[in-house]
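# Structural description and commentary
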Amino acid sequence: MTGIRLEPVPGSDPELKLALSASGLPTEDLEDAGRSFFRAVSADGGTVGYAGMEACGDNVLRSLVILPEHRGKALGKTLTRETLKAVNVSSAVFLATTTAAPFFEKLGFIVVERGDVPPAVLATRQLSGICPASATIMKRNRPPT
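Given the structure is predicted, the values throughout are model-derived calculations rather than measurements.

### What to know about the layout of surface pockets
Approximately 710 Å³ is the volume found for the largest pocket. If you go around the largest pocket, you meet 30 residues; those closest to its centre are Leu-25, Leu-64, Thr-99, Ala-100 and Phe-104. Within the residue set of the lining of the largest pocket, elements represented by two or more residues are β4 (58-66), α2 (75-86), β5 (93-97), α3 (101-105) and α5 (125-130). Class assignment for the residues of the lining of the largest pocket results in 16 nonpolar, 10 polar and 4 charged.

Rendered as structure tokens:
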């Protein structure tokens, strides 16, 4: 199973919050403006994960999670690609991670130094305080094809 479709969900969605919390991902700013969240739905209608994007001039990919019972099926890769397509990303995409850098490197993201990150991206709550300063910041210049 690798086909999924995305359904928009609000940052206040309790299942989104539960999935992120259960995976140790931040939930403090989900309801702030400028964020788009999606539920990843399988062909049988079941939820397999969630993803989000934050617009800030460039974009921040955030809140990407595959539910535990669906891991190991290449859905993270599919969810990342579909999320970038859904928001019609035409500028750079950044993310911060403490654990998933190897996964995102396989999708074309590269590690960047904090000094090379645009000020608007650094000013997001995600990068300015929610994620630890030790988080790896990564960038992708274009959406996957």
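Having seen it, we continue.
### A look at the nonpolar core
Among the nonpolar cores identified, the biggest contains 19 residues, and Leu-61, Leu-79, Phe-104 and Phe-109 are the most heavily contacted of them. For this core, the secondary structure elements donating two or more residues are β3 (47-56), β4, α2, β5 and α3. When neighbours within four sequence positions are excluded, Leu-61 is seen to be in contact with Gly-52, Met-53, Thr-80, Thr-83, Val-93, Phe-94, Leu-95, Phe-104 and Phe-109. Listed in part, the 12 residues of the second largest apolar core include Val-60, Ala-96, Val-117 and Val-121.

### A short note on the pairing of β4
Of all 9 residues that make up β4, 9 are buried, and the element is covered over most of its length. Pairing of β3 with β4 involves 7 bridges; the strand directions are antiparallel. Within β4, the residue paired with Cys-56 across the bridge is Asp-58. The loop that links β3 with its antiparallel partner β4 comprises 1 residue; one of these, Gly-57, has a positive phi angle of about 90 degrees. Taken together, the 2 bridges between β4 and β5 define a ladder with parallel strand orientation. In the strand pairing of β5, Val-60 is matched with Phe-94.

About the cut-offs
Residues numbered from 1 in each chain as written. Predicted model: local features only at pLDDT ≥ 70, side-chain atom pairs only at ≥ 80, totals over all residues. Heavy atoms only, no water. 1 Å grid on protein atoms, 1.4 Å probe; cavity = no way out; pocket = protein on both sides within 12 Å on 5 of 7 lines; lining within 4 Å. Points joined across faces, edges and corners; volume = space filled by probe spheres on them. Helix = DSSP H or I, 4+ residues; strand = E, 2+ residues; numbered from the N terminus. Nonpolar A, V, L, I, M, F, W, Y, C, P; charged D, E, K, R; others polar. Core = buried A, V, L, I, M, F, W, Y, C linked by side-chain atoms within 4.5 Å. Buried < 20%, exposed > 50% of the residue type's maximum accessible area, 1.4 Å probe, protein only. Contact = heavy atoms within 4.5 Å. Pairing = 2+ DSSP bridges.

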